[in-house]
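Fold and contact review
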Amino acid sequence: MVSCFFLCPDTDCSRINYDKQKIQELAHTLLNSLEVFSANSRVGFPIEASIGWVIADDPGLTLNDYINLADEKMYSEKKARKAERKI
């Protein structure tokens, strides 16, 4: 397995040993769970999350570099979701 970093809301960063397939499955499971929760909730808006992740496989990069890369992916996903809502 490859070490990777899983980012939680802005303040927490945890190291977990997942390969690319496993982390994609985890992200998919989290998003599906939120979709079900949102569908069953009584709030008037969708409950969603944007997930950004990277595989930490370059020893030349720092933890901060990986956090920034994952942040970029998260905001890219968020921007794409927002664009889809406008269609």
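Everything discussed here concerns the structure shown above.
What counts and how
Residues numbered from 1 in each chain as written. Predicted model: local features only at pLDDT ≥ 70, side-chain atom pairs only at ≥ 80, totals over all residues. Heavy atoms only, no water. Helix = DSSP H or I, 4+ residues; strand = E, 2+ residues; numbered from the N terminus. Polar contact = N/O pair within 3.5 Å; in protein donor to acceptor, adjacent residues only side chain to side chain. Expected span 1.5 Å × (residues − 1). Buried < 20%, exposed > 50% of the residue type's maximum accessible area, 1.4 Å probe, protein only. Arc of directions from axis to C-beta. Phe/Tyr/Trp six-rings, centres within 6.5 Å; stacked < 30°, edge-to-face > 60°. Lys NZ or Arg CZ within 6 Å of the ring centre and 35° of its normal. Contact = heavy atoms within 4.5 Å. Salt bridge = Lys/Arg side-chain N within 4 Å of Asp/Glu carboxyl O.

Counting through the fold element by element, Arg81 comes out in helix 2 (residues 63–86). A polar contact is formed between the side chain of Arg81 and the side chain of Ser50, at a distance of 2.9 Å.

When the terminal C-alpha atoms of helix 1 (residues 20–40) are compared, their 30 Å separation across 21 residues agrees well with the 30 Å that a helix rising 1.5 Å per residue should span. Burial in helix 1 covers these residues: Ile23, Ala27 and Ser38. The arc that holds the buried residues of helix 1, viewed along the axis, is 50°, so those residues lie on one side. Along helix 1, the residues that are exposed and aim more than 90 degrees away from the buried face are Gln21, His28, Ala39 and Asn40.

It is worth spelling out the packing of aromatic side chains at this point. Under the definition given, this model contains zero aromatic pairs. The positively charged end of Lys73 is found above the aromatic ring belonging to Trp53, 5.1 Å away from the centroid.

Note that Ser38 resides in helix 1. Setting aside anything within four residues of it in sequence, one finds Ser38 in contact with Phe45, Pro46 and Ile47.

Attention shifts here to the pattern of salt bridges. Opposite charge on two side chains permits pairing when their charged atoms draw close. Within the structure shown, the criterion is met by two salt bridges. The salt bridge partner of Glu48 is Arg81, with a shortest N-O separation of 3.9 Å. One end of the pair, Glu48, is in the loop between helix 1 and strand 3 (54–55); the other, Arg81, is in helix 2, and 33 residues separate them in sequence. Look at Arg81 and you get buried, because its relative accessible area is 17%. Residue Glu77 is joined to Arg81 by a salt bridge in which the shortest nitrogen-to-oxygen separation is 3.2 Å. Of this pair, Glu77 and Arg81 both sit in helix 2, separated by four residues, roughly a single helical turn. Under the relative-accessibility criterion, Glu77 is labelled partly exposed at 26%. Each of Glu48, Glu77 and Arg81 takes part in a single network of salt bridges with overlapping partners.

In this model, helix 2 (24 residues) spans 35 Å end to end at C-alpha, consistent with the 34 Å of a helix rising 1.5 Å per residue. Burial in helix 2 covers these residues: Tyr66, Ala70, Met74 and Arg81.

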